[in-house]
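Here is what each chain is made of, one letter per residue.
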Amino acid sequence: MKTAIGQPSGVAMAFFFLFIAITLGITWWAARKTRTTEQFYAAGRSVSAAQNGFALAGDYMSAASFLGIAGLVSTTGFDGLIYSTGWLVGWPVVLFLVAEPLRNLGRYTFADVVAFRLQQGPVRIAAAIGTLSTVIFYLIAQMVGAGGLIKLMFGLSYETALMIVGAAMIAYVLFGGMLATTWVQIVKAVLLLAGAFLLAMMVLAKFGMNPARLFAAAADKYGAGVLAPGKLVSKPLDAISLGMALMFGTAGLPHILMRFYTVPDARAARTSVFYATGLIGFFYLLTFILGFGAMVLVGPDAIKAVDKGGNMAAPLLAEYLGGTPFLGFIAAVAFATILAVVAGLTLSGAAALSHDLWVSVVKKGEASAAEQLKVARIATVALGIVAVFLGISFKGQNVAFMVSLAFAIAASSNFPALVLSMFWRRFTTAGAVASMLVGCGSTLLLIWLSPTIQVDILKHESAWFPLKNPALITIPVAFATGIVVSLFTSNASVREGYAATERQMHLGTAGD
Amino acid sequence: MTIPPVHNAEPLRALAASRWRIAITLTVVMIATYFGFIALIAWRRDLLSRLIAPGLSVGIVLGALVIVVAWLLTWIYVRWCNRHYDAQLEAMR
């Protein structure tokens, strides 16, 4: 199949500039409403449950899931679907365990919750290490993906692409804060869901609107094996470990957790996860259709010819079904997807740097509102520049593993401390700090020793640690560390402090 | 345990405990569903390859069902909170 992918396309450019124009317009509007730290970090708590549901979905559905999973399904069939389901199952956990208490206990970051009844300094430093590690690895994966994707789709150079992403993302966050970021997420979520839905309907129209006929066509063409588990899951422990990272990592992602502070109360936080789970699940169901649609209509060989990883399956499918204009639209949607995710990540990283480290640790909470806002903005620009710089320095590297690494750190460093601080009255400062540092450190160490780095990247014969994702080991280790250290350091005053935490965790604070 | 002087903590604690029971139960169901699916993929390949109808393998149906289960569990939780939890919580403010 001849494709226009890789050539500068007028339609793609037009959609792309339209998106930039609309989102900068939103930023200009939001900038006038962003004067205080509460507005900058939490959109003044003015976001409705439905809006936050879309924004959560927008924050979560990255280009990696849209392009990557569709690509994986189109080239491997059923094996790709394992990812479609895995990326959703963390959301019910977010709803049941963290959304409401988090909203009631914190102000801007998840460290607010962990540090609520513990010593501010050490807890916030450890939490910031976990947050920034998660954010940096997630950002590298997104930036390198963005550079490659935009190069492939618009024909721009890798560096130019990253500069554009960096500049737009800094503009959203710097001027519009959380309000602009939220609306960028909402616009992106609507575009992505509409684009994927339209594409899926066009595929199904060719198969009598019956997904089973599409799957049957795939089996006719490429063998019944595409409908059954293949070699991707030849090692069950690898699948379980990745599953644990996805399931518990979602509830530890700083940019997701931060979104719960944008709604007025715990009830809205709860409802927003309900909407988000519905939207994200619907989206992953669509990836079934898109993946098999691309397999049958475009063909795995044609997809791999454009990009070895299969990432161009959805755009190629769009081109096949709707020609260059639809390709342009889908390309612009993929671009918008990346922009929105990096904006959310940058804002949560900036909050960790300014709210947790500068204001709470360096200034011991004694900083004027104007100073807090200034530091948050400096942190935003600094992180934006770091993201572009990292994206350029990792050019051409295989960074796909970094997303699952980010989930593993979130699951091992942030999630255990968050859960223990909310549910266990004997949890101590030393326990929290030890849990977060050991969770983060062990994840980084085991990733370094894993086949992902040792075999795939360094080309060694074997790796010391057998699992590709360490979450199976590091989540229990982080929980155990937190519990054991707390038991050795617990005293009566720690347990008494829990009574106030408990009350606020359920009732929230009046007038907040 | 000291009880805060102004408020009686017991009713709140009982309500919180009932919420945790539901939250933990639903979390365990979600974990069992997903890792059960993974375990079937790993060890019962033959079962998942079986076709229910032309084009519909057991694996694809179960994969879609995992997503449906996630929806159902969040719906059950939100419904319970909206009907019971919020009203009782409101009464304690």
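What counts, and at which threshold
Residues numbered from 1 in each chain as written. Chains lettered and ligands numbered in written order. Predicted model: local features only at pLDDT ≥ 70, side-chain atom pairs only at ≥ 80, totals over all residues. Helix = DSSP H or I, 4+ residues; strand = E, 2+ residues; numbered from the N terminus. Rg over C-alpha atoms; globule rule 2.2 N^0.38 Å. Contact = placed C-beta atoms within 7 Å. pLDDT = per-residue confidence, 0-100. Core = buried A, V, L, I, M, F, W, Y, C linked by C-beta atoms within 7 Å. Buried ≥ 20, exposed ≤ 12 C-beta atoms within 10 Å, placed from the backbone. Nonpolar A, V, L, I, M, F, W, Y, C, P; charged D, E, K, R; others polar. Expected span 1.5 Å × (residues − 1).

## Considerations on the overall build of chain A
In terms of regular secondary structure, chain A is built from 21 helices and 0 strands. Scaling as 2.2 N^0.38, a compact globule of 512 residues should have a C-alpha radius of gyration of about 24 Å, and chain A matches this with 22 Å. Over its C-alpha atoms, taken along the principal directions, chain A stretches across nearly 70 × 50 × 40 Å. In chain A, once contacts between residues fewer than 6 apart in sequence are set aside, the share between residues at least 24 apart is 83%.

## A few points about the confidence of the model for chain B
Looking at chain B, pLDDT values average 87 and 91% of them are 70 or higher. A low-confidence stretch, residues 1–5 of chain B (pLDDT under 50), is modelled with 7 contacts involving residues beyond four sequence positions or located in other chains.

## Some points on the nonpolar core
All names here are of chain A. The biggest cluster of nonpolar side chains holds 230 residues, and the ones touching the most others in it are Val114, Val165, Leu290, Ala294, Ala314, Leu317 and Val342. Per-element accounting of this core gives the leading share, 32 residues, to helix H15 (residues 313–362). Each residue touching Ala294, except ones within four places of it in the same chain, is listed here: Ala70, Ser74, Ile303, Ala313, Ala314, Leu316 and Leu317.

## Quick word on the interface of chain A and chain B
Taken together, the 44 residues of chain A in the interface contact 43 residues of chain B. Elements supplying a minimum of two residues to the side of chain A that touches chain B: helix H5 (78–86), helix H6 (90–105), helix H10 (211–222), helix H11 (236–249), helix H13 (266–297) and helix H21 (492–507) of chain A. In terms of residue count, the dominant contributor to the side of chain A that touches chain B is H13 of chain A (10 residues). The residue makeup of the side of chain A that touches chain B, split by class, is 30 nonpolar, 8 polar and 6 charged.

## Points about H13 of chain A
All names here are of chain A. Relative to the 46 Å expected for 32 residues at 1.5 Å per residue, H13 spans 46 Å between its end C-alpha atoms, a close match to the ideal helical length. Of all 32 residues in H13, 29 are buried; the element is thus mostly enclosed. Taken from the residues just after H13, Gly299 is the one with a positive phi, measuring 100 degrees.

## Side note on the environment of Ala350 of chain A
Residues and elements named next belong to chain A. Along the chain, Ala350 falls in helix H15. On a C-alpha basis, the gap between Ala350 and Gly482 in space is 27 Å, while along the polypeptide they are 132 residues apart. When near neighbours in sequence (up to four residues on either side) are disregarded, Ala350 contacts Val173, Ala376, Ala379, Thr380 and Leu383.

## Re H11 of chain A
For H11 of chain A, spanning 14 residues, the distance from its first C-alpha to its last is 19 Å, which sits close to the expected 20 Å at 1.5 Å a residue. Among the 14 residues of H11 of chain A, 11 are classified as buried, and the element is accordingly described as predominantly covered. For H11 of chain A, every residue scored as buried is listed here: Ala239, Ile240, Ser241, Leu242, Gly243, Met244, Ala245, Leu246, Met247, Phe248 and Gly249 of chain A. Looking at the packing, one finds that the buried side of H11 of chain A touches H5, H6, helix H17 (401–423) and helix H20 (471–489) of chain A together with helix H1 (9–43) of chain B.

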